[in-house]
Amino acid sequence: MAEQQQRNWDLADIRDEKVLRAMEKVERHLFVPEEQAELAYENKALPIGHGQTISQPFIVAYMTAELQLKATDKVLEIGTGSGYQGAILAEIADRVYSVELDPRLADVARDRLRRLGYDNIEVKVGDGYDGWVEQAPFDAIIVTAAAEDVPAPLLDQLKDGGRMVIPIGTPYGPQELICVQKHGRTVSTNSLLSVRFVPFRRKLDPGG
Ligand code: SAH
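Here the structure is a predicted model, which means the values were calculated and not measured.

## Brief notes about the layout of surface pockets
Roughly 700 Å³ of internal volume is contained in the largest pocket. In this structure, the largest pocket is lined by 39 residues; those nearest its centre are Thr 53, Ser 55, Thr 144, Phe 197 and Val 198. Put simply, the parts of the chain that give the lining of the largest pocket at least two residues each are strand 2 (52-54), helix 2 (57-66), strand 3 (74-78), helix 3 (84-92), strand 4 (95-100) and strand 9 (186-195). Considering only residue class, the lining of the largest pocket consists of 18 nonpolar, 16 polar and five charged.

## Details of helix 2
Within helix 2, ten of the ten residues are buried, which leaves the element mostly enclosed by the surrounding structure. Buried residues of helix 2: Pro 57, Phe 58, Ile 59, Val 60, Ala 61, Tyr 62, Met 63, Thr 64, Ala 65 and Glu 66, and no others. In the core, the buried residues of helix 2 are packed alongside helix 1 (17-25), helix 3, strand 6 (138-143), strand 7 (158-169), strand 8 (175-183) and strand 9.

## Concerning the nonpolar core
Grouped together as the largest cluster of nonpolar side chains are 46 residues, with contacts concentrated most on Ile 14, Met 23, Leu 69 and Tyr 84. Secondary-structure elements contributing two or more residues to this core are helix 1, strand 1 (46-49), helix 2, helix 3, helix 4 (103-115), strand 5 (121-125), strand 6 and strand 8. When residues in this core are grouped by element, the largest group, seven residues, is from helix 2. When neighbours within four sequence positions are excluded, Tyr 84 is seen to be in contact with Trp 9, Met 23, Val 26, Arg 28, Phe 31, Ile 54 and Val 60. Formed by 19 residues, the second largest nonpolar core is a distinct cluster that contains Val 99, Ile 141, Leu 158 and Ile 178.

## Concerning the packing of aromatic side chains
Taken as a whole and judged by the stated rule, the model has five aromatic pairs. Relative to Tyr 84, the ring of Phe 31 has its centre 5.5 Å away and its plane inclined at 70 degrees; by these criteria the two rings are edge-to-face. Taken as a pair, Phe 31 in the loop between helix 1 and strand 1 and Tyr 84 in helix 3 lie far apart in primary sequence, 53 residues in all. Pair check on accessibility: Phe 31 and Tyr 84 agree, each one buried. Among the aromatic residues, ring-to-ring pairing joins Tyr 97, Trp 132 and Phe 138 into one connected group. Looking at Lys 74, its charged tip hangs above the ring of Phe 138, at a distance of 5.9 Å from the centre. Sitting above the plane of the Tyr 129 ring, Arg 202 keeps its charged end 4.0 Å from the centroid.

## Describing the site of the ligand
The immediate surroundings of the ligand are formed by 24 residues, with Ser 82, Glu 100, Asp 127, Gly 128 and Arg 201 found nearest. The separation between an oxygen atom of the ligand and a polar side-chain atom of Glu 100 is 2.6 Å. The separation between a nitrogen atom of the ligand and a polar side-chain atom of Asp 127 is 2.9 Å. Look at the ligand: alone it shows 580 Å² of surface, and the protein chains cover 99% of it. In this structure, the ligand is accommodated by the largest pocket. Elements that contribute at least two residues to the shell around the ligand include exactly strand 2, strand 3, helix 3 and strand 4. Sorting elements by how many residues they give to the shell around the ligand places strand 2 first, with three residues. Residue composition of the shell around the ligand, grouped by class: ten nonpolar, ten polar and four charged.

Conventions we followed
Residues numbered from 1 in each chain as written. Predicted model: local features only at pLDDT ≥ 70, side-chain atom pairs only at ≥ 80, totals over all residues. Heavy atoms only, no water. 1 Å grid on protein atoms, 1.4 Å probe; cavity = no way out; pocket = protein on both sides within 12 Å on 5 of 7 lines; lining within 4 Å. Points joined across faces, edges and corners; volume = space filled by probe spheres on them. Helix = DSSP H or I, 4+ residues; strand = E, 2+ residues; numbered from the N terminus. Nonpolar A, V, L, I, M, F, W, Y, C, P; charged D, E, K, R; others polar. Buried < 20%, exposed > 50% of the residue type's maximum accessible area, 1.4 Å probe, protein only. Contact = heavy atoms within 4.5 Å. Core = buried A, V, L, I, M, F, W, Y, C linked by side-chain atoms within 4.5 Å. Phe/Tyr/Trp six-rings, centres within 6.5 Å; stacked < 30°, edge-to-face > 60°. Lys NZ or Arg CZ within 6 Å of the ring centre and 35° of its normal. Near = heavy atom within 4 Å. Polar contact = N/O pair within 3.5 Å; in protein donor to acceptor, adjacent residues only side chain to side chain. Areas by Shrake-Rupley, 256 points an atom, 1.4 Å probe, with all protein chains shown as cover. Sits in = over half its atoms within 2 Å of the grid points.

Structural data, given as structure tokens:
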């Protein structure tokens, strides 16, 4: 067995043991292009092709911890990208449903997750604005691209008592990671930290 790669990221602020265990277990170099593999264990966002990026490990851990997942939870992810965040969720929750706008990224991520043995995550191509109505409601929702507002369908598909973590802001401008909680008909939002995510898009850019 190859030796476990030293993870050069600081998760001292993350208290959730399940999240820390998943971050130790999932091998990030398997989720990035080969030419990025040597940077996979740094706390860096990395390009994954088609103008998209895999988030910093700290942000992945932080967002996952904010979801306060239980082993029985059903989770919706918007923005599959490389599949790395999905794998972290799949280590902790019961089932993960992940929506990706770009079919090229979705195909690669789906194959990768299957090859790695994740049989509790399903990837589909689509506009994540609409969520995944056939599988709703969800205990938790995580969005990994920055939207200008919380998409109303996602709020509808969140269970009562559920949590959604989503970056809100302008494309390439100031963005805030927020946690949205639903309690009956009231919704509370809590601002967590400043972030930089790729934009939430409603369709693919012309030319790819
Ligand atoms: N969670 C990913 C990070 C991906 S970056 C990972 O762990 O690698 C954000 C992703 O969101 C990109 O792949 C982008 O194509 C996707 N995206 C952007 N807008 C979207 C939308 N409306 N619906 C679904 N996916 C979207």
